[in-house]
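These are the residues of each chain, in order.
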Amino acid sequence: LDIIPRAVEAVEGKDKICVCVFTYIAFIPSLLGAGGWSPLDSNEQQWLQVDLGDRVEIVGVATQGRYGSSDWVTSYTLMFSDTGRNWKQYRKDDTVWVFTGNSNADSVVHHKLLHSMKARFLRFIPLKWNVGGHIGLRVEVFGCSYKSDIADFDGRSSLLYRFNQKLMSTFKDVVSLKFKSMQEDGVLFHGEGQRGDYITLELQKGKLSLHINLGEGDSNLHFTNSHTSITLGSLLDDQHWHSVLIERFNKQVNFTVDKHTQHFRTKGDSDHLDIDYELSFGGIPVPGKPGTFQRKNFHGCIENLYYNGVNIIDLAKRRKPQIYTGNVTFSCSEPQIVPITFVSSSRSYLLLPGTPQIDGLSVSFQFRTWNKDGLLLSTELSENSGSLLVYLHGGRLTLLIQKMAEDPVEISEGCPDNFTDSQCLNPITAFQGCMRLIFIDNQPKDLILVQQGSLGNFSDLHIDLCDIKDRCLPNYCEHGGKCSQSWTTFYCDCNDTSYTGATCHNSIYEQSCEAYRHQGKTSDFFYIDSDGSGPLGPLRVFCNITEDKIWTAVQHNNTGLTRVQGAGPEKPYTMSFNYNSSSEQLEAVINSAEYCEQEAAYHCKKSRLLNTPNGIPFAWWVGRANEKHLYWGGSLPGIQQCACGLEESCLDMRYFCNCDADREEWTNDTGLLAFKDHLPVTQIVITDTNRSNSEAAWKIGPLRCYGDRQFWNAASFNTEASYLHFPTFHAEVSADISFFFKTTSLSGVFLENLGMKDFIRVEIRSPKEITFSIDVGNGPTEATVQSPTPLNDNQWHYVRAERNLKQTSLQVDNLPKKVLEAPAEGHFRLQLNSQLFVGGTASRQKGFLGCIRSLHLNGQKLDLEERAKMTPGVKPGCPGHCSSYGNLCHNGGKCVEKYNGYSCDCTGSAYEGPYCKEEVSALFEAGTSITYIFQEPYPVTKNTSTSSSAIYADAIMSKENIAFSFLTAHAPSLLLYINTYFHEYLAVILSKNGSLQVRYKLSKDGLLIFTIDSGNFANREMHRVKINREGRELIIQVFIKLKHNFSEIDFKAIKSLTLGKVTDSLTMDPEVSKANAYGFTGCMSSVWYNHIAPLKAALRHPSIAPVTVKGSLTESSCSSLTEADVNTATTIYSSSDPFGKTDEREPLTNAVRSDSAVIGGVIAVVIFIIFCIIAIMSRFLYQHKQAHRSSQTKEKEYPENLESSFKADTDLQNTVSECKREYFI
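Only a predicted model underlies this, so the values are computations on that prediction, with no experimental measurement involved.

Visitor: Just to check I follow, could you spell out the overall build of the protein for this structure?
Guide: For the protein, the count of helices and strands is 13 helices and 87 strands. Buried positions account for 51% of the 1225 residues belonging to the protein. Taking the contacts inside the protein whose residues are at least 6 apart along the sequence as the reference set, 70% of them involve residues at least 24 apart. Just so you have it, the protein exposes about 56,300 Å², and 50% of that area is on carbon and sulfur atoms.

Visitor: When you look at helix 10 (residues 1070–1078) in this model, what are you seeing that I'm missing?
Guide: Residues that lie three or four places apart on an α-helix share one face, since the helix turns once every 3.6 residues. Taken residue by residue, helix 10 has Val-1072, Ala-1075 and Asn-1076 as its buried positions. Burial along helix 10 is one-sided: seen end-on, the buried residues are contained in an arc of 105°. Among the exposed residues of helix 10, those oriented more than 90 degrees off its buried face are Pro-1070 and Ala-1077. On the buried face of helix 10, the contacting elements are strand 75 (973–980), strand 76 (985–990), strand 77 (996–1002) and strand 83 (1054–1060). Where helix 10 begins, one side-chain oxygen reaches toward the backbone nitrogen of Glu-1071, 3.0 Å away; that side chain belongs to Asp-1069. Phi turns positive one or two residues past the end of helix 10, at Gly-1079, with a value near 65°.

Visitor: In this structure, what is going on with the pattern of salt bridges? I would like to understand it.
Guide: Proximity of charged atoms lets side chains of opposite charge pair with each other. As enumerated under the stated definition, the model contains 40 salt bridges in all. Of the charged contacts in the structure, one is a salt bridge between Lys-180 and Glu-334, with a shortest N-O distance of 2.5 Å. On the criterion of sequence distance, the pair formed by Lys-180 in strand 14 (residues 172–181) and Glu-334 in the loop between strand 27 (323–326) and strand 28 (340–342) is long-range, its members being 154 residues apart. Look at Glu-334 and you get partly exposed, because its relative accessible area is 26%. With a closest N to O distance of 2.8 Å, Arg-347 and Asp-460 form a salt bridge. One end of the pair, Arg-347, is in the loop between strand 28 and strand 29 (349–353); the other, Asp-460, is in the loop between strand 37 (457–459) and strand 38 (461–463), and 113 residues separate them in sequence. For Arg-347, a relative accessible area of 45% corresponds to the partly exposed category. By relative accessible area, which is 32% here, Asp-460 ends up partly exposed.

Visitor: Whenever I open this one, the packing of aromatic side chains confuses me. Can you help?
Guide: This structure, assessed with the given rule, holds 40 aromatic pairs. On the numbers, 6.1 Å between centres and 65° between planes, the contact of Phe-153 with Phe-298 is edge-to-face. Of the two residues, Phe-153 is situated in strand 12 (residues 150–154) and Phe-298 in the loop between strand 24 (289–293) and strand 25 (299–307); the sequence distance between them amounts to 145 residues. For the pair Phe-153 and Phe-298, one class covers both residues: buried. Arranged with centres 6.2 Å apart and planes meeting at 40°, the rings of Phe-964 and Phe-966 form a pair that is tilted. The burial state of Phe-964 is the same as that of Phe-966; both residues are buried.

Visitor: Just to check I follow, could you spell out the sheet that holds strand 71 (residues 921–924) for this structure?
Guide: Backbone hydrogen bonds are what pair the strands of a sheet, in a parallel or an antiparallel way. Ordered by their spatial adjacency, seven strands build an open sheet running 81-80-79-74-84-71-86, and the pairing between neighbours is antiparallel. Here the strands that pair on one side only, and so sit at the sheet edges, are strand 81 (1041–1045) and strand 86 (1113–1116). Across the sheet, the mean angle from the axis of one strand to that of its neighbour is 25°, orientation sign disregarded. Here strand 80 (residues 1033–1037) pairs with strand 81 via five bridges, running antiparallel. Of the residues in strand 81, the one forming a bridge with Ile-1036 is Leu-1042.

Visitor: What is the right way to read the sheet that holds strand 65 (residues 836–838) from this model?
Guide: Taken together, six strands build an open sheet; the order of strands is 56-65-58-59-60-61 and the sheet is antiparallel. For this open sheet the edge positions go to strand 56 (724–726) and strand 61 (781–786), each flanked by a neighbour on one side alone. Between one strand and the next, the sheet's axes are offset by a mean angle of 15°, whatever the strand orientation. As judged from the six bridges shared by strand 60 (residues 769–775) and strand 61, these two strands associate in the antiparallel manner. Paired with Phe-772 across the two strands is Ala-783, which belongs to strand 61.

Visitor: Please clarify how the nonpolar core should be interpreted in this entry.
Guide: Considering soluble globular proteins, one finds that nonpolar side chains tend to be buried as a cluster. Ranked by internal contacts, the top residues of the largest apolar core, which has 44 residues, are Phe-964, Leu-975, Leu-996 and Leu-1059. Each residue touching Leu-996, except ones within four places of it in the same chain, is listed here: Leu-975, Val-988, Ile-989, Leu-990, Phe-1010, Thr-1011, Ile-1012, Phe-1017, Val-1025 and Val-1038. Listed in part, the 42 residues of the second largest apolar core include Cys-513, Val-554, Tyr-602 and Trp-621.

Visitor: Would you mind going over the state of the cysteines with me for this structure?
Guide: Put plainly, two cysteines are in a disulfide when a covalent bond ties their sulfur atoms together. For the coordinates displayed, the defined rule picks out 15 disulfides. The side chain of Cys-434 participates in a disulfide bridge whose partner is Cys-466; the two sulfur atoms lie 2.1 Å from each other. Because the sign of the S-S torsion sets the handedness, a value of about 100° for the bond joining Cys-434 and Cys-466 places this disulfide among the right-handed ones. Note that Cys-434 is positioned in strand 35 (residues 433–440) and Cys-466 in the loop between strand 38 and strand 39 (482–485), a separation of 32 residues in sequence. Accessibility expressed as a relative area gives 4% for Cys-434, which makes it buried. At a sulfur-sulfur separation of 2.0 Å, the disulfide partner of Cys-596 is Cys-705. Here Cys-596 and Cys-705 share a disulfide; its torsion about the S-S bond, 110°, makes the bridge right-handed. Of this pair, Cys-596 sits in strand 48 (residues 593–605) while Cys-705 is found in strand 54 (residues 703–708), placing the two residues 109 residues apart along the sequence.

What counts and what doesn't
- Residues numbered from 1 in each chain as written.
- Predicted model: local features only at pLDDT ≥ 70, side-chain atom pairs only at ≥ 80, totals over all residues.
- Heavy atoms only, no water.
- Helix = DSSP H or I, 4+ residues; strand = E, 2+ residues; numbered from the N terminus.
- Buried < 20%, exposed > 50% of the residue type's maximum accessible area, 1.4 Å probe, protein only.
- Contact = heavy atoms within 4.5 Å.
- Areas by Shrake-Rupley, 256 points an atom, 1.4 Å probe, with all protein chains shown as cover.
- Arc of directions from axis to C-beta.
- Polar contact = N/O pair within 3.5 Å; in protein donor to acceptor, adjacent residues only side chain to side chain.
- Salt bridge = Lys/Arg side-chain N within 4 Å of Asp/Glu carboxyl O.
- Phe/Tyr/Trp six-rings, centres within 6.5 Å; stacked < 30°, edge-to-face > 60°.
- Pairing = 2+ DSSP bridges.
- Axes fitted to C-alpha atoms, helices over the stretch in contact; angles between N-to-C directions.
- Core = buried A, V, L, I, M, F, W, Y, C linked by side-chain atoms within 4.5 Å.
- Disulfide = S-S within 2.5 Å.

Set out below in structure tokens:
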């Protein structure tokens, strides 16, 4: 179409205003006039092309329907070109942009382009049009005149820009240009100096590489140390214009190709670039050899080439003496190459006629694709001699010839639908990609004729356009994931990244030790990722998971006691600490904790610390913000004191630190640094150990924190109109949302964030349905998870929603994840601009009733409690954790509700640990005995005043619930013995052959023996024994379960329970007496009798529990014992801190102790021995007195609140007349 200029006016572009701007209107379909363009056939193959006469800068377009008709276009795309060939689609956010058209024939719809186009030709491609009409268009194009300086390089030419002086030394450089390349390799510019400096910009396989070296005198020496190479861009040999900008200031460089920028610093120490004589553009000439080049020259066009403000091409055009022009022309010659794109993997093909009745076949073409597999060509050979196929398989080109009998001689790229499998024989899949320069029998094929329908046939092709796209530029694989791609999508290799997911977005580690504890983990080393999917990487820590607190410990490179001598003010001693992490990682750990600390210890002998009260400190430490701190452990920020100064307990009250007294003997100042904003300690400086006899030793402990401020951070929403609002959620290309909730409502919105059109929402739509809804401009996408059970059960449930460029997914608890694949094309940036609503919506409808906690958005933690404190209708916190997590407390442990979470009370369990799952075990020797005496009330809880859990002797037992584990290599052995005041007993022994026997001695039934004869139990392996009697029914379980019904049982008045050897003179049958003679040698763990844990009481509460230990008893872990340990039972096991804490009473093992210290030690030992003798005598007298009392009374009275398990007599069911019965299994 011809064009005519319209009135001169100002049009605002993206980044500038074109002052003298022409607007162009198409002559035939002019706006605001009659007529318009309407093609004969309305289909997707139609376009309207506008020739603007010369290259101009296009900044906007407008459309209108055909005058007086029902013909208008509702959506369209734009393509542009310099030559009318090799078109390029207008893209926005790396996506082919679809413009909204008209809704009637008369209104005008304007579009201002986000970024301008420089082109002569413009095409309007209708996509959709009025359903009741046809395609109809009137268009107007807005733009500016565009002036540029262009140089054409033919692959053998170059430009040389010579400096006015011999050496050009710069601290700042700016190079800008545009280029259009005919080849994938070639040097755009190069400069070097004799001292080793150089800068080179070159195309390498369609990518731009910038090489820069800021040398320091010796090129060989500094090449490897200061050479820096950065590669950017892709598919830059597509014969389209690409812009380049290089900005260097000292060592900082910004390298921009098109819209992608790489920021980097050059290597080495130098910050200036020294170039000798000249810069070359288009190639690197060999000195002294005109026309000879070191590397492949650039073949293409360069436009608007500027070096530090100098227009190089303008100087060359004006033939200035500082420019040497070698075979360079100043207009861009472009060959008329027509590419084609095979769009569809199933429907695209190009069918071209061959040359019949010739002997032989010649086919050539160029192609490019991302797919490793695809059929490129298939043809039937002449004279029915067979068929030929060329295809890609695994990225390698394969030629296949096989015999066939078909008459047509045709050559096909792709696979036509009307071909059968035998004709096409596609071994992999159809080709997706671009082709050009197709020659058949040495004759070029005019693809424009194909487009016009006069040559061959085709389907689903883009002709005169290579629509290839690098989906790995930019790289949307996060956290260092490696990107690969096919024609339609990209893939992320997340190996060695510590992240997972379609885009390596999700950390494989938990965010805190609290989260690991919630999974049931025990104390160990773990990696934590404090910001989850955020930029911070994982950090290795030790999680010390105890019953009371969960400690997170971060080790540094020097936690031991370190000796210092010879340091003075002019030669200070300095130690910096390396935590194997970044400062941002440590800051995240500290900020998310409730409390943090580091132990600081300074042991001194004539070495002053803070030089109190008013002196200049001789030692200090440096904290998080690289600030110097003048207080010591146990003191407060801003107070130049040690712990003893605050406590007024220093050795010399004139000073605020013990070490400041400057004494000749060893002393120390030790305390905890606990001000979070100053932690961690990054450096310590000591300056007072250079005097005679002056010496110091210091220790800075690991960083230790407890309390996860986010994991239990919750808010309770009490009305449907209540909500919390936060700043806009910015997550354009990837978003993850995770939280816990509990509710009794039928439905409600957990959170919502809106944009102009885009939105994101997570809601419970019904008691069994959670939905994640999102719209990024392509229409709403909904991922829904259906639960088989109601989720409004007032229990905590976990939700995690994620959206990235590849997938939208939703996870609820451990239910199957719902995953929806994202479209390959279309809008992909999530644009939100409103506030984020939590617990409600912007319309305040469908509000959420219930609790939400631990809310994370892209790894960032939202403080619900703090925001709830100032919001009506919302309360901070949410009670009722035990209702959801009480089942995590095992083995009789009780769940204890806390404001921030819960804990397991293991005082009523034979186990211990955070979940009452850790065994309490000990090594027994032959003479070891633990006797638990049921004479006085002993509470299960730690509160000794509680009497409800006491066991009383004056009770008929209705049940026994016994459980324990043992490991031994010795038989016979006595494992457990329970006796009563009525001379009845229950004994568990190993007989001589290793079988397990449970022996009841009852007053009425006589002796009942139950033998488990399923193997040798003295086999150095762990065995778990359970004995349960409920009324008349007895169940014994080891490997198998034995059941027995008593005829009658009165197991009355329990007196004592003994583990191991019974040392008192008690009634026993011969077998039990024989086993008792050997006692028990081995390991026993987790002993449980009804609600009493006698072994745990002996090891944990020997002072308050009515338990007596005789012989050697060593706490140990049965599961870690070796065979030798079982035989000897003398090896001592102990748990230690993972960082190896040592006794710090003395700073150095070889430190000289004073005589007074030795004498004091001897006195202390003597006093200790005297107290031990008194304690033993008191114990002996007490037991003697108790035995005397019990011998005078037949039964002892006990308090009234009897345990229910000891109240009822057992009814008689079967009469046992024998005095002894024995049962074998």
